[in-house]
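The primary structure of each chain is shown beneath.
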Amino acid sequence: MLREALEHLVRGIVDFPEDVDITEKPNGRGKLLEIRVNPDDLGRVIGRSGRTAKALRSVMNALGGGTRVRVDVVETDQD
């Protein structure tokens, strides 16, 4: 459920929603969600001074219901 919610939010932000890929991995303390987007959309997902990424992390932690959720934006090389 968390992966789908994050994917929905990120697809609404970016210019290339078809390139959004969210990977969910179990973490020792909770869950890890990795966001991969088109390199042209990286700035949109991170936001000015990281505000958008911080907001996404806050929403995911609220939806986690007590489970610790870590959200990372992963830079991909697409040439």
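So, how was this worked out
Residues numbered from 1 in each chain as written. Predicted model: local features only at pLDDT ≥ 70, side-chain atom pairs only at ≥ 80, totals over all residues. Heavy atoms only, no water. Salt bridge = Lys/Arg side-chain N within 4 Å of Asp/Glu carboxyl O. Helix = DSSP H or I, 4+ residues; strand = E, 2+ residues; numbered from the N terminus. Buried < 20%, exposed > 50% of the residue type's maximum accessible area, 1.4 Å probe, protein only. Pairing = 2+ DSSP bridges. Axes fitted to C-alpha atoms, helices over the stretch in contact; angles between N-to-C directions. Contact = heavy atoms within 4.5 Å.

Caption draft 1: Looking closely at the pattern of salt bridges. For the structure on display, the rule yields eight salt bridges. Between Glu-7 and Arg-3 there is a salt bridge, with the nearest N and O atoms lying 2.7 Å from each other. Within this pair, Glu-7 and its partner Arg-3 are both found in helix α1 (residues 2–13), separated by four residues, close to a single helical turn. Taking relative accessible area as the criterion, Glu-7 reaches 16% and is therefore assigned buried.

Caption draft 2: Structural context of the sheet that holds strand β1 (residues 21–27). With mixed pairing, three strands are arranged side by side in an open sheet as β1-β2-β3. At either margin of the open sheet sits one strand with a lone partner, and together these are β1 and β3 (68–74). Across this sheet, the average inter-strand angle for adjacent strands is 20°, counted without regard to direction. As paired elements, strand β2 (residues 30–36) and β3 share seven bridges and run parallel to each other. What sits directly across from Leu-33, in β3, is Val-71. Running over the sheet, α1 touches β1, β2 and β3 and is turned about 30° from β2. Lying on the sheet, helix α3 (residues 51–63) is in contact with β2 and β3; it crosses β3 at an angle near 150°.

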